[in-house]
Amino acid sequence: LAGKPLSVCGEMAGRPDQALVLAGLGLRKLSMSPAMVPQVKRALAGHTVAELKELAHAVCSAATAEEVKALLPKE
């Protein structure tokens, strides 16, 4: 990212399962509905950075949407 700040805003950032992938990709600024903050924080707190990186790598290596869905933790 060449030292440039990057953030994600929207539905993906506010979904706990997908926020895990975004964090695994290195994103540290997620904007979401205030109602989703507790759920996303809880999901992130349950994983190490190494686990999130592994998840992101697996998701990026998946060939189909069905494979991605199977990799994401259930909410």
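Here the structure is a predicted model, which is why all the values come from computation and not from measurement.

Reading the values: rules and limits
Residues numbered from 1 in each chain as written. Predicted model: local features only at pLDDT ≥ 70, side-chain atom pairs only at ≥ 80, totals over all residues. Heavy atoms only, no water. Helix = DSSP H or I, 4+ residues; strand = E, 2+ residues; numbered from the N terminus. Core = buried A, V, L, I, M, F, W, Y, C linked by side-chain atoms within 4.5 Å. Buried < 20%, exposed > 50% of the residue type's maximum accessible area, 1.4 Å probe, protein only. Contact = heavy atoms within 4.5 Å. pLDDT = per-residue confidence, 0-100.

### Quick word on the environment of Val37
Part 1: Topologically, Val37 is positioned in helix 2 (residues 37-45).
Part 2: The spatial distance from the C-alpha of Val37 to the C-alpha of Ala2 is 28 Å, given a sequence separation of 35 residues.

### A short note on the nonpolar core
Looking at soluble globular proteins, one finds that nonpolar side chains tend to be buried together.
Part 1: Core analysis: the largest hydrophobic core is formed by nine residues, namely Leu20, Val21, Ala23, Ala43, Leu52, Leu55, Ala56, Val59 and Leu72.
Part 2: Looking at this core, the elements that each hand over two or more residues are helix 1 (16-24) and helix 3 (49-61).
Part 3: In terms of residue count, helix 3 provides more of this core than any other element does, four residues in total.
Part 4: Not counting residues within four places of it along the chain, the set of residues in contact with Leu72 comprises Asp17, Gln18, Val21 and Val59.

### Notes on the confidence of the model for the protein
Part 1: Here the protein averages 92 in pLDDT, and 97% of its residues register 70 or above.
Part 2: Mean pLDDT across the elements of the protein bottoms out in strand 1 (residues 8-9) (85) and peaks in helix 3 (97).

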